[in-house]
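Residues per chain, in single letters:
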Amino acid sequence: MQQNKNRKSTNNSVSQAATRFFLRFIVASYLAIVGFLKLVGPRQKELRGDEQFEVLLTGTFYSENWILSHIKPLVLSRECARVIVVTDFPLPTLPGVKVIMPFSWTSRFLGHVPSRLITFLWAGFRWRPKIVGGFHLLFNGLVSVMLARFI
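Anyway, here's the lowdown on the structure attached to this text. (Residues numbered from 1 in each chain as written. Predicted model: local features only at pLDDT ≥ 70, side-chain atom pairs only at ≥ 80, totals over all residues. Heavy atoms only, no water.)

### Section: helix H4 (residues 112–127)
Inference 1: End to end, H4 covers 22 Å across 16 residues, agreeing with the expected 22 Å (1.5 Å per residue, within 8%).
Inference 2: Buried residues of H4: Ser115, Arg116, Leu117, Thr119, Phe120, Ala123 and Gly124, and no others. (Helix = DSSP H or I, 4+ residues; strand = E, 2+ residues; numbered from the N terminus. Expected span 1.5 Å × (residues − 1). Buried < 20%, exposed > 50% of the residue type's maximum accessible area, 1.4 Å probe, protein only.)

Structure, rendered in structure tokens:
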């Protein structure tokens with residue numbers, strides 16, 4: 001009985017070590033890619049005080065409170081011309097907000113997150129907004145940093 005407990009604890013510690021290694025590898029790879037993009041990507045452009053800009057965001061907005069607390073203040077800003085939101089769920093209509101949803105067939109074929117992120121990349125290259133952001137660090141935030149470096 002004691003021997004089984006020792007094996008289980010050894011298996012758990014090996015599993016935890018493998019998980020930590022995998023997560024560190026993913027983060028290190030991401031940082032290396034972002035560092036590379038800083039070297040080869042376009043330089044950041046300064047925003048002028050009188051200029052209006054577009055904002056491209058992605059995320060999963062489960063409730064109307066998310067929209068009211070995160071998107072509405074952007075739209076109400078004098079500097080913001082329009083907010084483009086790529087999401088899986090329909091959002092309530094707000095003036096100055098363009099909502100883009102992935103095609104249903106891509107969501108069924110690829111899954112919700114990959115389909116949304118591909119749509120997000122497409123929207124970024126199509127409209128080339130001044131500001132790009134993603135709600136939630138994995139995967140939206142990571143993809144938005146890379147997209148911002150490309151556009």
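### Notes on the pattern of salt bridges
Inference 1: Under the criterion given, the structure shown has two salt bridges.
Inference 2: Across the pair Glu54 and Arg82 runs a salt bridge, and its minimum N-O distance is 2.7 Å. On the criterion of sequence distance, the pair formed by Glu54 in strand E1 (residues 53–58) and Arg82 in strand E2 (residues 80–86) is long-range, its members being 28 residues apart.
Inference 3: According to the relative accessible area criterion, Arg82 is partly exposed, its value standing at 22%.
Inference 4: With a shortest N-O distance of 3.2 Å, Arg116 and Asp88 are connected by a salt bridge. With Arg116 in helix H4 and Asp88 in the loop between E2 and strand E3 (97–100), the pair connects residues that are 28 residues apart, well separated along the chain. When sorted by exposure, Arg116 lands in the same class as Asp88, which is buried. (Salt bridge = Lys/Arg side-chain N within 4 Å of Asp/Glu carboxyl O.)

### Some points on the nonpolar core
Inference 1: Core analysis: the biggest nonpolar cluster contains 14 residues, and Phe61, Ile71, Val83, Val85 and Val97 have the highest contact counts within it.
Inference 2: Elements with a contribution of two residues or more to this core: E1, helix H2 (64–76) and E2.
Inference 3: When sequence neighbours within four positions are dropped, the list of residues in contact with Ile71 reads Leu57, Phe61, Trp66, Val83, Val85, Leu91 and Val97.
Inference 4: By size, the runner-up hydrophobic cluster in this structure holds 11 residues, among which are Ala123, Val143, Leu147 and Ile151. (Core = buried A, V, L, I, M, F, W, Y, C linked by side-chain atoms within 4.5 Å. Contact = heavy atoms within 4.5 Å.)

### Quick word on the packing of aromatic side chains
Inference 1: Enumeration according to the criterion identifies five aromatic pairs in this entry.
Inference 2: The interplanar angle of 80 degrees and the centroid separation of 6.2 Å between the aromatic rings of Trp66 and Phe135 together place this pair among those described as edge-to-face. With Trp66 in helix H2 and Phe135 in the loop between strand E4 (131–134) and helix H5 (137–150), this pair connects stretches of sequence that are 69 residues apart.
Inference 3: Residue class for Trp66 comes out partly exposed when judged on its relative accessible area of 27%. (Phe/Tyr/Trp six-rings, centres within 6.5 Å; stacked < 30°, edge-to-face > 60°.)

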